[in-house]
Each structure stands twice: as C-alpha cells, then as structure tokens.
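Residues per chain, in single letters:
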Amino acid sequence: MGREHGEDSVVDSANAERKQLFLALVVLASLAYFAGLCWFSHARALDDDEGYYPTAARLVWEGKTPYRDFFFQQAPLVPYVYSVVWGIRPRSLVAMRTLSALLSTIAVGLWGICLLHAKRLPTRVALATFASVLLNPYWTYWNSVVKTFALASLLMTVGVICLYAAAQTDRRRCYILAGAALGGCASSRLLYGPLIPVLFLWLLRWDRHSPLKRCSRAFSFFAGAVCGLFPLIITFLLDPSAFLFGNVRYHAMQAGYHLVNGRAWTGHGRLLVTHLV
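Keep in mind that what you see is a predicted model, and the values were worked out from it rather than measured. (Residues numbered from 1 in each chain as written. Predicted model: local features only at pLDDT ≥ 70, side-chain atom pairs only at ≥ 80, totals over all residues. Heavy atoms only, no water.)

Undergrad: Before we go on, may I ask you to explain the overall build of the protein chain in this structure?
TA: Per the secondary structure count, the protein chain includes 12 helices and 3 strands. Restricting the contact set of the protein chain to residue pairs at least 6 apart, pairs at least 24 apart contribute 62%. A total of about 16000 Å² of accessible surface is found on the protein chain, and carbon and sulfur atoms cover 66% of it. (Helix = DSSP H or I, 4+ residues; strand = E, 2+ residues; numbered from the N terminus. Contact = heavy atoms within 4.5 Å. Areas by Shrake-Rupley, 256 points an atom, 1.4 Å probe, with all protein chains shown as cover.)

Undergrad: Which parts of the structure should I look at to understand unusual backbone geometry?
TA: A negative phi angle is the norm for most residues apart from glycine, just as the trans form is the norm for most peptide bonds. For tyrosine 67, which is not glycine, the phi dihedral falls at a positive 75 degrees. Tracing the backbone shows tyrosine 67 in the loop between helix H2 (52-61) and helix H3 (77-88).

Undergrad: Is there a simple way to explain the pattern of salt bridges in this structure?
TA: Two side chains bearing opposite charge may form a pair once their charged atoms approach each other closely. If you walk through the whole model with that rule in mind, you get 9 salt bridges. Residue aspartate 49 pairs with lysine 147 through a salt bridge whose shortest N-O separation is 2.5 Å. Here aspartate 49, found in the loop between helix H1 (2-43) and H2, pairs with lysine 147, found in the loop between helix H6 (137-142) and helix H7 (149-169); they are 98 residues apart in sequence, far enough to count as distant. Aspartate 49 gets classed as partly exposed once you look at its relative accessible area, which sits at 24%. Given a relative accessible area of 7%, lysine 147 falls into the buried group. When the shortest N-O distance is used, the salt bridge between arginine 217 and aspartate 207 registers 3.0 Å. Residue arginine 217 is located in helix H10 (residues 216-228), and its partner aspartate 207 is located in helix H9 (residues 195-208); the two are separated by 10 residues in the primary sequence. Each member of the pair arginine 217 and aspartate 207 is classed as buried. (Salt bridge = Lys/Arg side-chain N within 4 Å of Asp/Glu carboxyl O. Buried < 20%, exposed > 50% of the residue type's maximum accessible area, 1.4 Å probe, protein only.)

Undergrad: I'm lost on helix H8 (residues 172-188) in this one. Help?
TA: An α-helical turn contains 3.6 residues, so a residue and the one three or four places further along point in the same direction. The terminal C-alpha atoms of H8, which comprises 17 residues, lie 24 Å apart, in line with the 24 Å expected from a rise of 1.5 Å per residue. Of all 17 residues making up H8, 12 are buried, and the element is well covered by its neighbours. (Expected span 1.5 Å × (residues − 1).)

Undergrad: Please clarify how a nonpolar patch on the surface should be interpreted in this entry.
TA: Taken together, the side chains of Phe219, Phe222, Val226, Phe230, Ile233, Ile234, Phe236, Leu237, Leu238, Leu244 and Val248 present a nonpolar region at the surface, about 940 Å² in accessible area. For the nonpolar patch, the elements supplying multiple residues, two or more each, are H10, helix H11 (230-238) and helix H12 (240-254). The greatest single-element share of the nonpolar patch, amounting to 6 residues, is contributed by H11. Relative to the helices and strands, phenylalanine 222 resides in helix H10. The exposure class of phenylalanine 222 is partly exposed, given its relative accessible area of 42%. (Patch = residues over 30% accessible without salt bridge, like charges linked within 9 Å, V, L, I, M, F, W, Y side chains within 5 Å.)

Undergrad: Can you help me understand the nonpolar core in this one?
TA: One finds Tyr82, Met96, Leu103, Val108, Leu182, Ile196 and Phe221 to be the most contacted residues of the largest nonpolar core, which totals 59 residues. Apart from the residues within four sequence positions on either side, leucine 103 is in contact with Tyr82, Ala150, Leu151 and Leu154. (Core = buried A, V, L, I, M, F, W, Y, C linked by side-chain atoms within 4.5 Å.)

Undergrad: Before we go on, may I ask you to explain the packing of H8 against H10 in this structure?
TA: In a packed pair of helices, the relevant descriptors are the angle between the two axes and the axis-to-axis distance. Two numbers describe how H8 lies on H10: the axes approach to 6 Å, and their chain directions differ by 35 degrees. In the packing of H8 onto H10, the handedness of the crossing is right-handed. On the side of H8, the interface is formed by Arg172, Tyr175, Ile176, Ala178, Gly179, Ala180, Leu182, Gly183, Gly184 and Ser187, while H10 contributes Ser216, Arg217, Ser220, Phe221, Gly224, Ala225 and Gly228. Of the residues belonging to the contact of H8 with H10, the class tally is 7 nonpolar, 8 polar and 2 charged. (Axes fitted to C-alpha atoms, helices over the stretch in contact; angles between N-to-C directions. Left-handed = near helix turned anticlockwise from the far one by under 90°. Nonpolar A, V, L, I, M, F, W, Y, C, P; charged D, E, K, R; others polar.)

In structure tokens, the structure reads:
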C-alpha cells in the first residue's frame, strides 16, 4: 500500500510539473502573439468604417452620449472603453489599436489556461485547440482594429469560461459572472444579444429538474446579464428612436433594403417582404 501510494505521488508530481510547463508555454505564446499583433495592427491599412469608433470614443470622452448626442452604428460599450485611451493618448489610432491587441491577447491567454485546466481533455488536444485559436487568421485580422471585435471576443471568452466553470462547480457567482460577461458582449455588439434569452431558458429548464436549485441558476445568470446590459438599457431609454436607428435600421439600409409605407424594398426597387404591424 505504501509503495502504491508513493508511486501515485510521483505520478501526480510529474503531472503537476508538466502542467506548469505547458502553462508557461501558453503564457510565452500569448506574449509572442501580443507582440506580433501589435506590429500587425500598427502596419495594416485603415479598415473601411474604422474611423467611426475613434470619433465616438472622443465624443464620449468629451461627455456626449451615443445615439442621443451623435450617430453611432454599434452598441454603446465600445466607445466608453476606448475613450480611456483617448484620454491618455488623444488622436492616436495606434494607441487604440494597441488596446485591441491587448484585449485579444487576454482572450487568447484565457483560452489557453482554461483548456489546460479543462477536465477530461487530454493535454495534446488542449494545446492543439489553443494553437487553432492563436493562429486563427480571422481572429488576428479583425481583433487588430478599433472596432467591436476585440472587446466582444474577450467578453464572449469570459462568458463561455464562466459557463463552463458554472457547469462544473454549480456556484452562483459563476452564473452571475457569465451573465455579466455575455451582457457586456451584447452591449459591445448587439448581434450577440439573442444568446442571453436562449441561455436563460436553457438554465430555467435545467432548474426545473433540480428541486434544490429551483430557478437559482437562471435568475443568477439573468441578474448578471442585466448588469452587463446596463449601458445598452440606459442608452435605449435616453433616445429609443436614435438607438434603434443606429443598431437596427442603419444596418437594414446598409444590407440593401429599407421600409417604404410599411413594406421592405431592395435597393433595386423590388418588393422584398411585406411588413406586418
């Protein structure tokens, strides 16, 4: 028995050392990724509508509110985050892109750490998955500009990791953090908003099968989501019409159709669909 216990201790010690080594590799790879992404973000050309975001950050820094005081075509959290950079380095697109690179690097590092600590996931599979995130060209391309992608990717990463932790531990604070992160993600890019009611209903269904946890998971998640959605809720209440134009109607027009007398028409003058009221 003593010999078997000693062998188990040696194996556990070796596994712990290997995990620490792989964790160090993840940290080094993330730092290298940050350096490369900074170089790329400083060298790449200006994206088509990237100028909207630094301008919105400047206006927010000057005390103005999106939609009510100026047009903005995305959810409101992004200009508030990037306005901090404007306060430190005004008129510097490079500094704002560096923030995008930093947010993306944090997301990459979190993925690496989470994958290494995921249960029932072999280390080789975890490292391969981490490499696929690290070397994803779309992640690199879009997270190097001043847009919604870097912040939304980070918050989505935090939300997914917290949901995984909640499923493993069933701790209420994990559900709250997951809801807050996904709410913040929707406050950065409204496209992610429908995920919140879907997850709420899924957790509510899960709670129904757990008498001791009736509604606690779902409403913990909902409370966190409301906190994350706070910027979205406030800007909507300040000017609902301008909010809907910036987040919905503008993109509908950009996609090539618009409403005329309650009907949706394409840019070629063809009736697309009848709008039912």
